[in-house]
Amino acid sequence: MHYIKAASSITHQPSFQQKGFAADLSPLSVAGEVIAPNYKEYIEGALLRRMGKILRMSVAAAKDVILQADAGQPNSIVVGTGLGCLLETEKFLTNTLTLTGMLPPTAFIQSTHNTIAGQISLILENHGYNMTHTQNTLSFEHALIDARLLLDEGQELVLVGAADESIPFLEEVSRNLLTASLPVLTSGASFFMLDTRVAEATVAIIDVKVHFGAEDRGAIVFDFLKEHDLSYPAIDLLMTPLSMQQQGLDSFGKVFAGTRQHTYLDYSGLYPSASAFGFHMAIDMMQMDRRIGYTLIINNLSANSLGLILLKNCEA
Amino acid sequence: MVPAAKISITGLGIVSAIGCGVEENRRALVEGQSGIGTTYSETLPEGLLVGAVKQSDQELLQRLRLPNGYYSRTSLLGMVAAREAWDGQSSHPSLRTGFIGATSVGGMDQTEQFYKQYLQGRKVDFKSLITHDSGYTMEVIAQDLGLTGYVNTISTACSSSANAIMLGARLLQQGRLDRVLVGGVDPLSMFTIQGFRSLMIYDEAWCKPFDDARVGLNLGEGAAFMVLENEKSIEITGRLPICRLTGWANAADAYHQTASSPDGKGATLAIGQALQKAGLFPEEVSYINVHGTGTKNNDLSESIAMQNIFGDKLPPFSSTKAYTGHTLAAAAAIEGVYSVLALRDGMLLPNLNFSTPLAETGLSPIVELQTGQDLTSVLSNSFGFGGNNSSLVFSSNGY
Amino acid sequence: MDQIKQELKKQIIEQLNLEDVAVEDIADDTLLFASDGLALDSIDALELIVLLEKFYGIQVVNPEEGKTAFKSVDTMAAYIQQKTAQ
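As annotated in an unreviewed UniProt entry, chain C carries the name Acyl carrier protein and comes from Dyadobacter jejuensis.

Looking at an unreviewed UniProt entry, one finds chain A named Beta-ketoacyl synthase-like protein, with Dyadobacter jejuensis as its source organism.

(A) Spatial organisation of the overall build of chain C. Each helix and strand in chain C was counted, giving four helices and zero strands. Starting at the N terminus and walking to the C terminus, you meet the elements of chain C as α-α-α-α. Rg of the C-alpha trace for chain C: 12 Å, near the compact-globule value of 12 Å for 86 residues, within the 12% margin. In terms of its C-alpha atoms, chain C occupies a principal-axis envelope of roughly 35 × 25 × 20 Å. When each of the 86 residues of chain C is scored for burial, the buried share is 30%. Restricting to contacts in chain C with at least 6 residues of sequence separation, those with at least 24 account for 55%.

(B) Representation of the pairing of strand E6 (residues 202–212) of chain A. The sheet contact formed by strand E1 (residues 2–10) of chain A and E6 of chain A spans two bridges and is antiparallel. Bridge pairing links His2 of chain A to Ile205 of chain A in E6 of chain A.

(C) Representation of the interface of chain C and chain B. Facing five residues of chain C, the contacting portion of chain B comprises seven residues. Top element by residues in the side of chain C that touches chain B is helix H2 (residues 42–56) of chain C. It accounts for three residues.

(D) Representation of the packing of helix H3 (residues 73–86) of chain B against helix H5 (residues 134–145) of chain B within the structure. Residues and elements named next belong to chain B. Remark: H3 packs on H5, axes separated minimally by 9 Å, with the N-to-C direction vectors making an angle of 40°. Handedness of the crossing formed by H3 with H5: right-handed. For the pair H3 and H5, the contacting residues are Thr74, Ser75, Gly78, Met79, Ala82, Arg83 and Trp86 in the first and Thr137, Val140, Ile141, Asp144 and Leu145 in the second. Within the contact of H3 with H5, the residues separate by chemical class into six nonpolar, four polar and two charged.

(E) How the structure looks around the interface of chain B and chain A. With 48 residues of chain B in contact, the opposing surface of chain A contributes 45 residues. Elements that contribute at least two residues to the side of chain B that touches chain A include exactly helix H4 (108–119), H5, strand E6 (150–154), helix H6 (160–173), helix H7 (190–198), strand E9 (243–252) and helix H9 (265–278) of chain B. A class-by-class count of the residues in the side of chain B that touches chain A yields 20 nonpolar, 21 polar and seven charged.

(F) Inspection of the domain arrangement of chain A at higher detail. Residue and element names in this part refer to chain A. Taken domain by domain, chain A holds domain 1 (2–195) and domain 2 (202–314). Computed from C-alpha atoms alone, the centre-to-centre distance between domain 1 and domain 2 is 22 Å. With 45 residues of domain 1 at the contact, the number on the domain 2 side is 33 residues. At the level of elements, E1, helix H6 (139–152), strand E4 (157–164) and strand E5 (188–195) are the ones that each hand at least two residues to the side of domain 1 that touches domain 2. Ranked by residues supplied to the side of domain 1 that touches domain 2, first place goes to H6 with seven residues. Across the side of domain 1 that touches domain 2, the residue classes tally to 21 nonpolar, 20 polar and four charged.

(G) Quick look at the UniProt feature "domain: Beta-ketoacyl synthase-like N-terminal" (unreviewed entry) in chain A. If you check UniProt for "domain: Beta-ketoacyl synthase-like N-terminal" (unreviewed entry), the listed places come out as residues 47–168 of chain A in our numbering. From the first C-alpha to the last, residues 47–168 of chain A spans 25 Å; its make-up is 50% helix and 15% strand.

(H) Representation of the nonpolar core in the model. Counting 236 residues, the largest nonpolar core has Ala81 and Val337 of chain B as the members making the most contacts within it. Non-local contacts of Val337 of chain B, meaning those with residues more than four positions away in its chain, are made with Leu12, Ile14, Val22, Ala224 and Met226 of chain B.

(I) Geometry of unusual backbone geometry. All names here are of chain A. One non-glycine residue, Asp70, lies in positive phi territory at about 50°. Mapped onto the fold, Asp70 is located in the loop between helix H2 (53–69) and strand E2 (76–80). Under the C-beta neighbour-count criterion, Asp70 is labelled exposed, with 9 such atoms within 10 Å. Phi at Glu125 takes a positive value of approximately 55°, unusual for a residue other than glycine. Examined against the element boundaries, Glu125 turns out to sit in the loop between helix H5 (115–124) and strand E3 (129–133). Classification of Glu125 by C-beta neighbours within 10 Å gives exposed; the count is 10.

(J) Inspection of the pairing of strand E13 (residues 388–395) of chain B at higher detail. Residues and elements named next belong to chain B. Burial runs high along E13: eight of the eight residues are buried. Burial along E13 is two-sided: Asn388, Ser390, Leu392 and Phe394 facing one way and Asn389, Ser391, Val393 and Ser395 facing the other are all buried. Both E9 and E13 contribute to a ladder of eight bridges, which runs antiparallel. Of the residues in E13, the one forming a bridge with Gly247 is Val393. Summarising the sheet, strand E12 (residues 377–384) and E13 pair through eight bridges and their orientation is antiparallel. By the bridge assignment for E13, Asn381 is matched with Ser391. The hairpin formed by E12 and E13 contains three residues between the paired strands, and Gly386 there has a positive phi angle of roughly 75°.

(K) Seen up close, the packing of helix H3 (residues 86–98) of chain A against H7 of chain B. Packing of H3 of chain A against H7 of chain B brings their axes to within 10 Å, and their N-to-C directions diverge by 85°. Here H7 of chain B runs roughly perpendicular to H3 of chain A, going by the angle between their axes. For the pair formed by H3 of chain A and H7 of chain B, the contact residues are Phe92, Leu93 and Thr96 of chain A on the first element and Met190, Phe191, Gln194 and Gly195 of chain B on the second. A breakdown of the residues in the contact of H3 of chain A with H7 of chain B according to their chemical character gives four nonpolar, three polar and no charged.

(L) Structural view of H7 of chain B. Burial analysis of H7 of chain B places seven of its nine residues in the buried class, the great majority of the element. Inspection of H7 of chain B places Phe191, Thr192, Gln194, Gly195, Phe196, Arg197 and Ser198 of chain B among the buried residues, and these make up the whole buried set. Its buried side turned inward, H7 of chain B meets H3 and helix H4 (106–109) of chain A, H4 of chain B together with H2 of chain C. Met200 of chain B, located one to two residues past H7 of chain B, shows a positive phi value of around 55°.

(M) Local environment of the environment of Phe114 of chain B. Residue and element names in this part refer to chain B. Note on placement: Phe114 falls in helix H4. Along the sequence, Phe114 and Lys127 sit 13 residues apart, while their C-alpha atoms lie 9.9 Å from each other. Beyond its immediate chain neighbours, meaning those up to four positions away, Phe114 contacts Val124, Ser128 and Leu129.

(N) Representation of the environment of Asn136 of chain A within the structure. Mapped onto the fold, Asn136 of chain A is located in the loop between E3 and H6. Residue classification places Asn136 of chain A among the buried positions, given that 23 C-beta atoms sit within 10 Å. In sequence terms Asn136 of chain A and Ser181 of chain A are 45 residues apart; their C-alpha atoms lie 19 Å from each other. Those residues in contact with Asn136 of chain A that sit more than four places away from it in its chain are Gly82, Pro272, Ser302 and Ser305 of chain A together with Asp133, Gly135 and Tyr136 of chain B.

Basis of the calculations
- Residues numbered from 1 in each chain as written.
- Chains lettered and ligands numbered in written order.
- Predicted model: local features only at pLDDT ≥ 70, side-chain atom pairs only at ≥ 80, totals over all residues.
- Helix = DSSP H or I, 4+ residues; strand = E, 2+ residues; numbered from the N terminus.
- Rg over C-alpha atoms; globule rule 2.2 N^0.38 Å.
- Buried ≥ 20, exposed ≤ 12 C-beta atoms within 10 Å, placed from the backbone.
- Contact = placed C-beta atoms within 7 Å.
- Pairing = 2+ DSSP bridges.
- Axes fitted to C-alpha atoms, helices over the stretch in contact; angles between N-to-C directions.
- Left-handed = near helix turned anticlockwise from the far one by under 90°.
- Nonpolar A, V, L, I, M, F, W, Y, C, P; charged D, E, K, R; others polar.
- Domains from an automatic or database assignment.
- UniProt positions renumbered as here; feature names shortened; annotations may be inferred.
- Core = buried A, V, L, I, M, F, W, Y, C linked by C-beta atoms within 7 Å.
- Parallel < 35°, antiparallel > 145°, perpendicular 65-115°, else oblique.

In structure tokens:
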């Protein structure tokens, strides 16, 4: 079994180092700014000066998780990101198109998707497995599956997380490409320490599943629960990005009629790996209310991708 | 302990500067024919040496007979290689099938065309941006082959496709999948060309991997995929194993964002752990396809790492980057295909453009093609930005 | 010469995004790449090459050449003077 030893999120909500934050969140109506800690307390100046927003958020959240877990070095670092380091990518792209002569290399260096996991390894001086998954709205779920594989291969402690950042250009793109009325575009970084040992009452990950393709979602969810001898009423808390009505999935919502339902995207704002925030919200709610036994997080944000995470409250 | 499941490689597909398809690539390797040259592309700097795939986007579209739509060159190249490797296999109700691709820049070739017009204030088609993100690039390839379920993309710079291959192997070994198509693709783009130029490691002349006078790399483009199957899958598909994938490892150098450590720490860990996973002593490695980009830093650090593991009994080794250019996220898959061909055909591939060994280590790669060799295990190294180091081990079927 | 050095210090701070460093913190002979100096690294060396091209029109083709020129603000100023005099 895999347990959540520590969790940390830096987002547009007061989520950082706030146990119980999930209980009194208000939906975001305007994106505003990320609520960030003083990064200098987490990252030394020499590295900080080159880091864009996504890197600062990610490294600080990762560092916070390490401190909270107080268990030393993780065996591995696994990160999911839908769009990667957009700010630096746009900066270098603009430079290649507008400047002549030698170009400043820093933005190029910081533009690759694996800069996030790479910088975390540098700061921790961690020589373990270091991986970056980028699969649109399922990037976090893929990172989580990889982390669980590592734990099943004999590792004990894995740092896993997801991050994405918004840039002004993305607003323009979404105005032109997205038709549905979706929450505001935001940035977010959430990191978690997974542990194979249980030391205190905590939340366990029972299973994670991803599915690409437009097959019958109801059947996939049903089979997923059945694999664990569960039926719909066994789920105490259902987390989805948007409400079933908003997504035109009324019939799907009905089978969970008796289950407490909660959304996360109106709180996190929209970014590809926002399900990591939904995951953190669920963990926080479960830790605050031990009566919640099973939680199912359904990530159906993209029409052709489905992510499922099954959690359970555990006693030590 | 339950014995580890055997992982067989049953299909290969490739497109690179030295050819379209496995056979064209094999022939060019044997003939010592490099694919690096100056380009005549409108979108790339004139006179620059690159390893370009010789077909234009339009030619690739026609070859693939695709319906109209938005395609990045990345997806087009990926589809060419993925179709060859997949070889028209169909879905099977009792086989769990997955797809894992790797790319470092996704559809950047399209994005930079768009952004150029956008900055000039011209009328732009925002829909072309749907091809930008890396995950979408792979979804297009998966859809082309009718693959659903586990579809994932890895992005760890120049080691990306080694990590995609490795993840596929792990999913098979843990019984999560029965067969998986794995590989990687990257196109040439101004973004990466200017990026490596800004790092002052782009050789304006031919790259010279492992040569003392090396000054940098030439970029290339391409794609390669391979099919991994477990025993249950082979029983059902009836496909013949070409060889096995026996070892893999990834380790972080944690030294510097772009430079490799002088003691080759991450690379040494990756090579050592991959051999351990394969259950091999260092002296059992028959050939090493090195990362060998031709930069001062990589080739020295990789030499030190190899000496750390192999001491003075270093197996024959060579870099094939002077054939294809450095194809970034596709490199490990392309070189994985070459490693499999070396193993299958019993040949040691030459390291082109080499004349003088590194002053610091004195290591000399294979410079002439050697055939009729009895190879049992081949090591393939791939190292990337962020200190991301991966090694794979391919072994012959009987081994 | 002193003016070049003052300008250089400002440009270095700006180009390298040295958030916590002020012009007064950099002495003319502060070792730019030493750990007890500004502790710059190989990426900074490239940014300094960009700086020379951008502000002084000097092209450093061989990165090795930069190594001696970028020891301190003193050596950088001397290098600029030598190159612009040519």
